[in-house]
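Analysis of the macromolecular model
Residue strings, one per chain:
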Amino acid sequence: AAALTAGDRVHAVSRRDARLVFDDDADKVLLYHSRDNDRRLRARPVACLEFGAEDAPAIEALLASHPARPVVVATLPHEGGDGDRVAVASSLLNEGLLEVTASGGARDAAPSDDEASG
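What counts and what doesn't
- Residues numbered from 1 in each chain as written.
- Predicted model: local features only at pLDDT ≥ 70, side-chain atom pairs only at ≥ 80, totals over all residues.
- Heavy atoms only, no water.
- Helix = DSSP H or I, 4+ residues; strand = E, 2+ residues; numbered from the N terminus.
- Buried < 20%, exposed > 50% of the residue type's maximum accessible area, 1.4 Å probe, protein only.
- Contact = heavy atoms within 4.5 Å.
- Areas by Shrake-Rupley, 256 points an atom, 1.4 Å probe, with all protein chains shown as cover.
- Core = buried A, V, L, I, M, F, W, Y, C linked by side-chain atoms within 4.5 Å.
- Pairing = 2+ DSSP bridges.
- Axes fitted to C-alpha atoms, helices over the stretch in contact; angles between N-to-C directions.

Quick look at the overall build of the protein now. Of the regular secondary structure elements, the protein holds 3 helices and 6 strands. When the elements of the protein are put in sequence order from the N terminus, they spell out β-β-β-β-α-β-α-β-α. The buried share among the 118 residues of the protein stands at 34%. Considering only intrachain contacts with a sequence separation of at least 6, the fraction spanning at least 24 residues in the protein is 60%. For the protein, the accessible area works out to roughly 7300 Å², and carbon and sulfur atoms hold 46% of it.

So this is what it looks like as structure tokens:
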């Protein structure tokens, strides 16, 4: 699979699979998820990713996305640059929490006939 870019549109696979927990003492956030677990048999332990507190707004935006409302990686709320946005989104993508909806130039595509007539 190609590397994620700032122009890619992504969306969360399922909001139920992840929880973001703030650790104010350590200035970090922990993202717990159970994406690897089968729905009926929760046999695997919950996975945990650690991020800096500055990544939290971008993670929240990614987790709030869905197929009908994907987000362009470059538009994620983050004080850093596109490199930081891509790194956060790539971490969630690698864990199976995100899917790429469209890549690169697709964000500039014209609206579909349904959208244009509405």
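Take the nonpolar core next. One broad rule of soluble globular proteins: the nonpolar side chains tend to lie buried together. By size, the foremost hydrophobic cluster in this structure holds 24 residues, and its most contacted members are Leu-31, Ile-59, Leu-62 and Leu-92. Contributions of two or more residues to this core are made by β1 (9-12), β2 (18-23), β3 (28-33), β4 (47-52), α1 (56-64) and α2 (82-94). Tallying contributions element by element places α1 first for this core, with 5 residues. Apart from residues lying up to four places away in sequence, Leu-92 is in contact with Leu-31, Phe-51, Ile-59, Leu-62, Leu-63, Leu-97 and Leu-98.

Next up on the list: the sheet that holds β1. Reading across the sheet, the 3 strands line up as β5-β1-β6 and stay open at both edges, with antiparallel pairing between neighbours. The sheet is open, and its two edges are formed by β5 (71-72) and β6 (98-102), each paired on a single side. Each of β1, β5 and β6 touches α1; the most contacted strand, β1, lies at about 75 degrees to it.

So, about the sheet that holds β3. The strand order across the open sheet built from 3 strands is β2-β3-β4, with neighbouring strands paired in antiparallel fashion. Across the chains shown, the open sheet's two edge strands, defined by having one partner strand only, are β2 and β4. This sheet shows a mean twist of 25 degrees between the axes of neighbouring strands, independent of strand direction. Strands in contact with α1 are β2, β3 and β4; relative to β2, the strand with the most contacts, it is inclined by about 165 degrees.

By themselves these figures say nothing about function.
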